[in-house]
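Read off the chains here:
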Amino acid sequence: MSHAKDLDDVESLETRHLQSLEAILSLDRALAAIPPDAAIGAILETVNLHAKQALNFQAVAFFLVNPNDFTPELAFADPPEDRPALTRETNQAIENGIFGWALKRNQALVQLAEDSRQFVLHPLATPRSTIGMLAAFAHPDFNASPSSLVFLSVIMSKVALSIENGLLHAELHTHNQQLKEAVVQLRDSELQLTTVLERMPIGVTIVDNKGSILWLNEALKAMIGATSKEEVISHKCGDVICDSASTCVRGIQGEREQKIVRKDGRDLSVLHSVHPIEVGGVEHSLGIFFDITHRRALETDLNRARKLEAVGQLAAGIAHEINTPAQFVGDSIQFLSTALADMLALTARYRGAIASVAAEPLHARLAQEVSAAEETADLEYVEQNAPAACDRARDGIARIAAIVGAMKEFAHPDQREKAPADLNRALRTTLVIARNEYKYVADIETDFGDIPSVLCHVGDLNQVFLNLFVNAAHAISDAVKGSSARGRIRVRTRPDGNRVCIEISDTGCGIPEAIAERIYDPFFTTKEVGRGSGQGLAIARSIVVDKHGGSLSHGSVVGKGTTFKILLPIGDPLDTGQIPEPA
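Analysis parameters
Residues numbered from 1 in each chain as written. Predicted model: local features only at pLDDT ≥ 70, side-chain atom pairs only at ≥ 80, totals over all residues. Heavy atoms only, no water. Buried < 20%, exposed > 50% of the residue type's maximum accessible area, 1.4 Å probe, protein only. Helix = DSSP H or I, 4+ residues; strand = E, 2+ residues; numbered from the N terminus. Pairing = 2+ DSSP bridges. Expected span 1.5 Å × (residues − 1). Axes fitted to C-alpha atoms, helices over the stretch in contact; angles between N-to-C directions. Contact = heavy atoms within 4.5 Å. Phe/Tyr/Trp six-rings, centres within 6.5 Å; stacked < 30°, edge-to-face > 60°. Lys NZ or Arg CZ within 6 Å of the ring centre and 35° of its normal. Salt bridge = Lys/Arg side-chain N within 4 Å of Asp/Glu carboxyl O. Parallel < 35°, antiparallel > 145°, perpendicular 65-115°, else oblique. Nonpolar A, V, L, I, M, F, W, Y, C, P; charged D, E, K, R; others polar. Core = buried A, V, L, I, M, F, W, Y, C linked by side-chain atoms within 4.5 Å.

**Student:** Honestly, the pairing of strand β4 (residues 118–125) in this entry has me stumped. Any pointers?
**Tutor:** The two faces of the sheet receive side chains in turn, since in a regular strand these alternate between them. Where burial is concerned, most of β4 is hidden: eight out of the eight residues are buried. The alternating pattern of β4 places Gln 118, Val 120, His 122 and Leu 124 and Phe 119, Leu 121, Pro 123 and Ala 125 on opposite faces, both of which are buried. When strand β3 (residues 109–112) meets β4, the two strands line up antiparallel, connected through four bridges. From the neighbouring strand, Gln 111 faces β4, where its bridge partner is Phe 119. One ladder, built from eight bridges, connects β4 with strand β5 (residues 130–138); its direction is antiparallel. Note that in β5 the partner of Leu 124 across the bridge is Gly 132. Here β4 hands over to β5 after four residues, the two strands then running antiparallel side by side.

Structure below.
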């Protein structure tokens, strides 16, 4: 009888073991069917179904440890109504230290809950970390035998590994996503940096420690006149860009002015600086080339302008000094002219008196002596030419006075604020100053309209008028070169609504259409060296447009001439108030 009972126990034990093994295999298959990128909730849901079925649990909850502060957080509970009771029992087990005992041994804890149900708590741990814990209410007939608890531990180990794998996969996915975003950001930053470097108006190159060019931007390629970067990359910097190969090497830093010889043989002045950098952990040199050709030209023009300013100030001073003696000479000539007229009238009276007494023998000899003295003095010639000489002297002194006055007015420094000015007068003054430029090649025709005073910097506008008169004279000179013909410069002013219009025309050679849009560019000129700097029209447009809010335009016919048209607002464009009349 005892033997039969033992056989039944063995068979029952084998059955339970087979059932447990089948439950484990079933759980393995279920966990394996879960996609690697599935959420942790899918793993917990699968475990919940198998745990309830294999272990006869009534309610199941999973708590996962927060990696930041190691506090348990409820991740899953089924059924939802048992969530508060499961949470309460779990917290009490943690507070009482019972969970710590179970965690240390990685064993299940089975005890009666407050509602007299069997409460089962088992750690979810792997050799690497503590994942969380399983909390469950078991069926009243739950058998907490050692074999059942071992079976539970095996299942919990698999669950812990599955959860850990899921968390690692999620973490890996997050890291991969972050890495992809970082790569995209890095590419965007690299593209942005490359775009900035390529579009910079400054030449940039990277040179290795042997002086070979690794990279250069478009600005530097254009500076040296290369058609492609391949012409330059891998070549020595000293061979294709500059002669400073000794400074374009690792560890040497410096800055200096030098010249680059372009592919077309033209020299280019640059400011070249070298800075050490690291590329891929290897030290290289960053070369920066700043084109200072225009700056040097500006400095030359500025020096010339300073010299001209000094000459102008000197001329204004000389004109002031000339003015006083010129007045003396003018007054003296006026006196001599008046006195000469009176003396000639008196001489005529004397002649009449001598003629009346010449017939008398007593006075005949005296009359002959006076007549001989007149012939010796050539009095008749003096009477015919002396008045004209006085007139010419007066005209010359008047012209000297006009030139001196024009120089003083032209050289007068501008006020900082705009002031009302008579532009007709300004144009007349400038024509006097520019006379030496046009007097041999052109005649002047003026048509000054009745225009109001204009609120302006008249000194700056005088410079504009002078530039246009000089350009007109040069254009006519080119057109009539080699002939006796003379051109014509026509100056016209007229009101145009709330603006004043000034037109300066010439009968010169005209402006070809191909360069018509470039004549206002700085440094652009068609004149030979020494005759023009290419700054006149650029400065004129800046003064008219930027400083006075007006406009400067032109019309031209090649072979017939050019007309420049200036429109200036009568008052300040930002002020609609009345403009006071000039004193």
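**Student:** For this particular structure, what's the right way to read helix α2 (residues 40–55)?
**Tutor:** The periodicity of an α-helix, 3.6 residues per turn, causes residues three or four positions apart to be oriented the same way. Between its first and last C-alpha atoms α2 spans 21 Å; for 16 residues at 1.5 Å apiece the expected length is 22 Å, and the two agree. One or two steps after α2, the chain reaches Asn 56, where phi turns positive at roughly 60°.

**Student:** Hey, could you run me through the sheet that holds strand β17 (residues 561–569) in this one?
**Tutor:** Picture the strands of a sheet paired through backbone hydrogen bonds; they go either parallel or antiparallel. Read from one edge of the open sheet, five strands run β12-β14-β15-β17-β16, paired in mixed fashion. Bordering the open sheet on either side are β12 (442–448) and β16 (551–557), each of which pairs with just one other strand. Between one strand axis and the next, the sheet turns through 15° on average, direction left out of account. Relative to β17, strand β15 (residues 499–506) is paired through eight bridges, and the arrangement is antiparallel. Each residue of the ladder has a partner; that of Cys 501, found in β17, is Leu 567. Along the sheet face, helix α11 (residues 423–433) touches β12, β14 (487–496), β15 and β17 and points at about 170° away from the line of β12. Sheet contacts for helix α13 (residues 458–480): β12, β14, β15 and β17; angle to β14, the most-contacted strand, approximately 145°.

**Student:** In this structure, what is going on with the packing of aromatic side chains? I would like to understand it.
**Tutor:** Two measures describe an aromatic ring pair: the distance that separates the ring centres and the angle between the ring planes. The tally for this structure, following the rule as stated, stands at two aromatic pairs. Plain terms: the ring middles of Phe 62 and Phe 76 are 6.3 Å apart, the flat faces sit at 50° to each other, and that makes the pair tilted. Remark: Phe 76 occurs in strand β2 (residues 72–78) and Phe 62 occurs in strand β1 (residues 57–65); sequence separation between them is 14 residues. For the pair Phe 62 and Phe 76, a shared accessibility class is recorded, and that class is buried. In this arrangement the basic side chain of Arg 117 is found over the ring face of Phe 137, its NZ or CZ atom lying 3.9 Å from the centre.

**Student:** What's the story with the pattern of salt bridges in this structure? I'm lost.
**Tutor:** When the charged atoms of two side chains lie near each other, side chains of opposite charge can form a pair. Counted according to the given criterion, the structure contains 15 salt bridges. The salt bridge involving Arg 490 is made with Glu 445; its shortest N-O contact spans 3.0 Å. One end of the pair, Arg 490, is in strand β14; the other, Glu 445, is in strand β12, with 45 residues separating them in the sequence. You can call Arg 490 partly exposed: its relative accessible area is 28%. Residue classification places Glu 445 among the partly exposed positions, given a relative accessible area of 33%. The partner of Arg 492 in a salt bridge is Asp 447, with the nearest N and O atoms 3.9 Å apart. One end of the pair, Arg 492, is in strand β14; the other, Asp 447, is in strand β12, and 45 residues separate them in sequence.

**Student:** Is there a simple way to explain the packing of α2 against helix α5 (residues 146–199) in this structure?
**Tutor:** Packed helix pairs are characterised by how far apart their axes lie and by the angle those axes make with each other. Contact pair α2 / α5: the axes reach a minimum separation of 10 Å and the direction vectors enclose 170°. Here α5 runs roughly antiparallel to α2, going by the angle between their axes. Contact residues: Ile 40, Ile 43, Leu 44, Val 47, Ala 54 and Leu 55 in α2; Phe 151, Leu 152, Val 159, Ser 162, Ile 163, Gly 166 and Leu 167 in α5. Looking at the contact of α2 with α5 residue by residue, the classes come out as 11 nonpolar, two polar and no charged.

**Student:** Whenever I open this one, the nonpolar core confuses me. Can you help?
**Tutor:** Within soluble globular proteins, side chains that are nonpolar tend to cluster in buried spots. Membership of the largest hydrophobic core comes to 41 residues, with the highest contact counts inside it found for Leu 423, Phe 465, Phe 469, Ile 489, Ile 502, Phe 564 and Ile 566. Where this core is concerned, the elements lending two or more residues are α11, β13 (454–456), α13, β14, β15, α14 (536–547) and β17. Top contributing element to this core by residue count: α13, with 11 residues. Among all residues touching Ile 502, those that are not within four sequence positions of it are Leu 423, Leu 427, Phe 465, Arg 492, Thr 493, Phe 564, Lys 565, Ile 566 and Leu 568. In this structure, Ala 38, Val 60, Ile 131 and Met 156 belong to the second largest nonpolar core, which totals 28 residues.

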